[in-house]
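Fold and geometry: a report
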Amino acid sequence: MEIRRARGADIDAVVELEKASFAVPWSKSGFLFELRSEYADFLIACEGERLLGFAISHLAGDDSELFNIAVAESERGRGIASALIDECVRLAKKRGASRMLLEVRASNKPARSLYLKKGFQVLGVRRSYYELPTEDAVMMERELEEK
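An account of the accompanying structure is given in this report. (Residues numbered from 1 in each chain as written. Predicted model: local features only at pLDDT ≥ 70, side-chain atom pairs only at ≥ 80, totals over all residues. Heavy atoms only, no water.)

**Notes on the sheet that holds strand β6 (residues 121-130)**
A sheet is described by the order of its strands in space; here seven strands give the open sequence β1-β2-β3-β4-β5-β7-β6, paired in mixed fashion. Of all the strands in the sheet, just β1 (2-5) and β6 have a single pairing partner and so form its edges. On average, each strand axis in the sheet is tilted by 25° relative to the strand beside it, whichever way the strands run. Judged from the seven bridges that link them, strand β5 (residues 99-105) and strand β7 (residues 135-143) form a sheet pairing that is antiparallel. (Pairing = 2+ DSSP bridges. Helix = DSSP H or I, 4+ residues; strand = E, 2+ residues; numbered from the N terminus. Axes fitted to C-alpha atoms, helices over the stretch in contact; angles between N-to-C directions.)

Dropping the structure here:
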């Protein structure tokens with residue numbers, strides 16, 4: 001498995017994985033925006049030409065936010081999300097971020113468990129944040145070690 005920065009040629013596969021993973025998927029234009037953003041780290045995990053997963057984190061001042069992460073259903077349990085998070089954290093530190101933030105559906109127990117294992121802690125809850133179905137978001141943070 002290789003983790004690398006996303007390229008324009010990856011976007012169609014990323015959009016398809018997004019549609020398969022989320023009830024309210026990001027648009028292709030949203031991914032293209034992140035691809036061009038100087039503040040975004042848009043990463044993919046792949047084997048050859050096959051997309052396994054992706055992650056997007058975004059620098060905002062001293063914070064980095066993990067905006068979006070998905071792994072193909074057939075590839076889950078292989079440590080792909082963990083490796084993507086590790087690389088997002090590494091890049092956030094390199095950019096000078098002091099913490100990483102994220103939001104996750106309250107019902108997404110596998111993701112919440114992974115984030116806890118990765119050193120994130122619960123900050124609070126955003127009521128009725130998600131749609132289809134309406135659901136709370138659990139806000140989490142991880143302090144990043146010194147650069």
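From this point on, the discussion continues.
**Some details on helix α3 (residues 80-94)**
Its 15 residues place the ends of α3 21 Å apart at the C-alpha level, agreeing with the 21 Å of an ideal helix rising 1.5 Å per residue. Those residues of α3 not exposed but buried are I80, A81, S82, A83, L84, I85, C88, V89, L91 and A92. Looking one or two residues past α3, G96 carries a phi angle of roughly 95°, positive in sign. (Expected span 1.5 Å × (residues − 1). Buried < 20%, exposed > 50% of the residue type's maximum accessible area, 1.4 Å probe, protein only.)

**Examining the side chain of E103**
As for its position among the elements, E103 is in strand β5. A distance of 3.0 Å separates the side chain of E103 from the side chain of Y129, its partner in a polar contact. Residues in contact with E103, not counting those within four places in the same chain, are E65, R126, Y129, Y130, A137, V138 and M139. (Polar contact = N/O pair within 3.5 Å; in protein donor to acceptor, adjacent residues only side chain to side chain. Contact = heavy atoms within 4.5 Å.)

**Some thoughts on the packing of helix α1 (residues 11-21) against helix α2 (residues 28-36)**
Between α1 and α2, the least distance of the axes is 10 Å, while the angle of their chain directions is 125°. Taken together, the axes of α1 and α2 lie oblique to each other. For the pair α1 and α2, the sense of crossing is right-handed. Seen from α1, the contacting residues are I11, D12, V14, V15 and E18; seen from α2, they are K28, F31, L32 and L35. (Parallel < 35°, antiparallel > 145°, perpendicular 65-115°, else oblique. Left-handed = near helix turned anticlockwise from the far one by under 90°.)

**Focus: the packing of aromatic side chains**
Given two aromatic rings, their pairing is described by the distance between the two centres and the angle made by the two planes. Inspection of every chain in the model, using the stated rule, returns six aromatic pairs. When the centroid spacing of 5.5 Å and the interplanar angle of 90° are considered together, the rings of F31 and F54 count as edge-to-face. Here F31, found in helix α2, pairs with F54, found in strand β3 (residues 50-60); they are 23 residues apart in sequence, far enough to count as distant. Take F31 and F54: they sit in the same class, and that class is buried. Following the ring pairs from residue to residue traces out a cluster consisting of W26, F31, F42 and F54. (Phe/Tyr/Trp six-rings, centres within 6.5 Å; stacked < 30°, edge-to-face > 60°.)

**What to know about unusual backbone geometry**
Here the residue pair L132 and P133 is connected by a cis peptide bond, since its omega of 0° sits within 30 degrees of zero. For P133, the location among the structural elements is in the loop between β6 and β7. One non-glycine residue, S128, lies in positive phi territory at about 55°. Under the relative-accessibility criterion, S128 is labelled partly exposed at 49%. For L132, which is not a glycine, the phi torsion comes out positive at approximately 50°. You can see L132 is positioned in the loop between β6 and β7.

**Here we look at the pairing of strand β2 (residues 40-47)**
Across the eight residues that make up β2, a large majority, seven, are buried. In this structure, the hairpin formed by β2 and β3 is closed by a connection of two residues, where G48 is found at a positive phi of approximately 60°.

**Details of the pattern of salt bridges**
Pairing between side chains of opposite charge can happen when their charged atoms approach one another. Applying the stated criterion across every chain, the model contains 16 salt bridges. Between R90 and E87 there is a salt bridge, with its nearest N and O atoms 2.7 Å apart. Remark: E87 and R90 occur in helix α3; sequence separation between them is three residues, near one turn of the helix. Between R99 and E141 there is a salt bridge, with its nearest N and O atoms 2.9 Å apart. Of this pair, R99 sits in strand β5 while E141 sits in strand β7; the two residues are 42 residues apart in sequence, bridging distant segments of the chain. By sharing partners, the salt bridges in this structure join E47, R50, E75 and R78 into a single network. (Salt bridge = Lys/Arg side-chain N within 4 Å of Asp/Glu carboxyl O.)

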